[in-house]
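Examination of the molecular architecture
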Amino acid sequence: MSMTDLLNAEDIKKAVGAFSAADSFDHKKFFQMVGLKKKSADDVKKVFHILDKDKSGFIEEDELGFILKGFSPDARDLSAKETKTLMAAGDKDGDGKIGVDGVAAGVRMQGHLMPTLEEETYPGPSHTC
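These numbers were taken from a predicted model, which means no experiment stands behind them.

Observations regarding helix α1 (residues 9-18)
Every buried residue belonging to α1 is among Ile12, Ala15 and Val16, and all of these are buried. Down the axis, α1 shows its buried residues gathered within 95° of arc, on one side only. Summarising the geometry of α1, the exposed residues directed more than 90 degrees from the buried face are Lys13 and Lys14. If you follow the buried residues of α1, they end up packed against α2 (27-33) and α5 (67-71). Two to three positions downstream of the cap, the backbone nitrogen of Glu10 sits 2.8 Å from a side-chain oxygen, assigning the N-cap of α1 to Asn8.

Some words on the packing of aromatic side chains
Inspection of the entire model under this criterion finds six aromatic pairs. Relative to Phe25, the ring of Phe19 lies with its centre 5.8 Å away and its plane at 75°, an arrangement referred to as edge-to-face. For the pair formed by Phe19 and Phe25, the shared burial category is buried. Centre to centre, the rings of Phe25 and Phe30 are 5.4 Å apart; their planes meet at 50°, and the pair counts as tilted. Relative accessible area serves as the criterion here: at 13%, Phe25 is assigned to the buried category. Using a relative accessible area of 1% as the deciding quantity, one classes Phe30 as buried. Grouping aromatic residues by their ring pairs yields a cluster made of Phe19, Phe25, Phe30, Phe31 and Phe71. One cation-aromatic arrangement involves Lys97 over Phe58; the distance from NZ or CZ to the ring centre is 4.1 Å.

Parameters at a glance
Residues numbered from 1 in each chain as written. Predicted model: local features only at pLDDT ≥ 70, side-chain atom pairs only at ≥ 80, totals over all residues. Heavy atoms only, no water. Buried < 20%, exposed > 50% of the residue type's maximum accessible area, 1.4 Å probe, protein only. Helix = DSSP H or I, 4+ residues; strand = E, 2+ residues; numbered from the N terminus. Arc of directions from axis to C-beta. Contact = heavy atoms within 4.5 Å. Polar contact = N/O pair within 3.5 Å; in protein donor to acceptor, adjacent residues only side chain to side chain. Phe/Tyr/Trp six-rings, centres within 6.5 Å; stacked < 30°, edge-to-face > 60°. Lys NZ or Arg CZ within 6 Å of the ring centre and 35° of its normal.

Put into structure tokens, the structure is as follows:
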């Protein structure tokens, strides 16, 4: 299965092109532009497995640097800074990797794609007793 079996090729091309400059990658905008927010949890898992190059069930930092190439082979690599930012957004338990089950569960609970990568977590209002 290829990425274009799941996502529109023109949307991928536009999204990759929008972030072609070094240090311009914005994961929230990118995932929205390629149409991932509209996809089912099952399709999200399929996209995840395409991006999981070593088929470990996780996307590790070394794989994350090449994430754009998972969408388009001629895309650029992420910079070290972009990779670290994306890992920090997606690795909520601090184990240095992003897992498919957590992503898929978040999709079902939140109603949109990859909230761990698309939604920043903000603390709620503080309560004092």
